[in-house]
Amino acid sequence: MMKQSVLYAPTLKEAPKNAEVKSHKLLTRSGMIKQTAAGVYSYLPLGHRVMKKIEAVVREEHDQIGCSELIMPALQPRDLWDESGRWDDFGPALMRLKDRKERNFCLGPTHEEVITDLVRDVIDSYKKLPLALYQIQTKYRDELRPRFALMRGREFVMKDLYTFSDSQEDLERWYERVSEVYTRIFKRVGLDTRIVASDTGDIGGDQAHEFMVMSEVGEDTITYCEACSYAANQEHSGLDDGDECPECGGRITTAMGIEVGNIFKLGTKYSESMNAYFTDRDGKRKPLIMGCYGLGVSRTLMAAVEQHSTDESIVWPKAITPFDIHILPLALNDDEKRETSEEVQTTLGAHFDVLYDDREERPGVKFKDADLIGIPYRVVLGKALEEGKAECIDRYTGETELVPLEDLVAFFQKKIA
RNA sequence: CGGGAAGUAGCUUAGCUUGGUAGAGCGCUUGGUUUGGGGCCAAGAGGUCGCAGGUUCAAAUCCUGUCUUCCCGACCA
């Protein structure tokens, strides 16, 4: 249970003028994030809670398929990037800096180099494979143009997973498995994704796919077939509206999408350049076969708001809501009703994550703030208290029910469990 | 990095063309009133007008430079 009076959630009546897209306006107005510099944001308590919820889903799903979590440094020495050749190849998007002794470092935009360095001394036999390691970490990219708040930041939170296999077949299996897990994760956090074929870009490798959330504010153009399941990033396919589908000859359509995840079959690019070899069953030294899989956590948050909101309010998907239930006591100046309200808060708080709006504010203020904050279930304690009831609002359906106070726990157990 | 726009109180902004005491709404403080969708009344606090230089008796306003931010494009989780 959290009292709203002590929660730092500075809501705004008006959106700052630099906010353009709906999700940016709402995240700012609801007091979830605050800009610190272009493309750099602070996550305030509510936004942080949502991030942790998303991360929890990501962790659960990854652990379930045998991945283990670790954490690698954001600050990385140039040497490793010289080994892979990416100190030069990555270009100006690599955030570079020097220490006091003039040694070169970068802030990691991704961790292929570090993870390869991490395992190469240890993984010397096929018996130690496969291996799947992931982290959830802040990444840095010196973007030419950050935009739409968390959509394209210069600092952002990403989950990155790396797999090491002793055969192409094993890599294929991981690729498939992670692909399924991604679809499941996005579904759980309330996003419908479409898997599209893509280029491998700077990361390198043989094959790659992206997970796209269809949205007007997306930065990528997706080409897909109206007849079959063919879908690809337009950069990759080169197709355009009205073209013929390369798979079935059907008609191609385009749409905008937000890239929330990507998966790459890296192969041996990093293991060869960085000398990460193992000894196989046949006694031969072979380079580790790698895969890497990114999932934009902060971007997922942004996409979720974009998909689950109106201009004035958010309704968080269950899995990532900052709280389960928002209690709005409207009769705090009536001693009897205030006591009853506090009892309700204690009872519900014992079973659910509850936000209790104990502020001395007028009802209108509480309602508006609650709409912005976006908690899906709301309990209004006001007039109906006289009949021993609470107004329970299911914001997914918009339905309101008068529920006797003693039935509240059971009522929400049905909804939330 | 090219093209466009904007920096005035915590937020939204007026004033700038035509130089002359920096104004409003929201928010904040105090008192009163109100109490189911951002109430009302009264009294307050809060500003190096992004920064630096220049022109001028005088600059938020004109000129130059610079920084920051946003949008479009080229590059990308």
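Everything here concerns the structure above.
A brief structural summary. (Residues numbered from 1 in each chain as written. Chains lettered and ligands numbered in written order. Predicted model: local features only at pLDDT ≥ 70, side-chain atom pairs only at ≥ 80, totals over all residues. Heavy atoms only, no water.)

## Section: the protein's contact with RNA strand B
Then comes step 1: RNA strand B sits among 44 residues. The nearest are Leu 144, Arg 145, Arg 152, Asp 371 and Glu 391.
Then comes step 2: Atoms of RNA strand B within 4 Å of the protein: sugar and phosphate make up 46%, bases the balance.
Then comes step 3: Within the contact set of RNA strand B, a phosphate oxygen lies 2.5 Å away from a side-chain nitrogen or oxygen of Arg 145.
Then comes step 4: Sorting the residues of the surface near RNA strand B by element identifies strand S2 (33–37), strand S9 (155–165), strand S14 (252–267), helix H11 (363–373) and strand S20 (377–381) as the ones contributing at least two each.
Then comes step 5: The element contributing the most residues to the surface near RNA strand B is H11, with eight residues. (Near = heavy atom within 4 Å. Polar contact = N/O pair within 3.5 Å; in protein donor to acceptor, adjacent residues only side chain to side chain. Helix = DSSP H or I, 4+ residues; strand = E, 2+ residues; numbered from the N terminus.)

## Some words on the sheet that holds strand S5 (residues 75–77)
Then comes step 1: Strand order in the open sheet made by the three strands is S5-S7-S6, with antiparallel pairing throughout. Of all strands in the sheet, those with a lone pairing partner are S5 and strand S6 (95–98), marking the two edges. Taking the axes of each pair of neighbouring strands and ignoring which way they run, one obtains an average angle of 35° across the sheet.
Then comes step 2: Pairing of S5 with strand S7 (residues 104–107) involves three bridges; the strand directions are antiparallel. Looking at the pairing, Pro 77 lines up with Phe 105 of S7. (Pairing = 2+ DSSP bridges. Axes fitted to C-alpha atoms, helices over the stretch in contact; angles between N-to-C directions.)

## Focus: the pattern of salt bridges
Then comes step 1: Using the criterion set out here, one finds 34 salt bridges in the structure.
Then comes step 2: For Arg 120, the salt bridge goes to Glu 83, with nearest N and O atoms at 2.8 Å. Separated by 37 residues along the polypeptide, Arg 120 in helix H5 (residues 112–120) and Glu 83 in helix H3 (residues 78–84) bring together distant segments of the chain.
Then comes step 3: For Arg 120, a relative accessible area of 17% gives the class buried.
Then comes step 4: The partner of Lys 286 in a salt bridge is Asp 282, with the nearest N and O atoms 3.3 Å apart.
Then comes step 5: On the basis of relative accessibility, which here comes to 47%, the residue Asp 282 falls in the partly exposed class.
Then comes step 6: Counted as one network, the salt bridges with shared partners bring together Arg 141, Glu 143, Arg 147, Arg 152 and Glu 219. (Salt bridge = Lys/Arg side-chain N within 4 Å of Asp/Glu carboxyl O. Buried < 20%, exposed > 50% of the residue type's maximum accessible area, 1.4 Å probe, protein only.)

In short, geometric facts, not functional conclusions.
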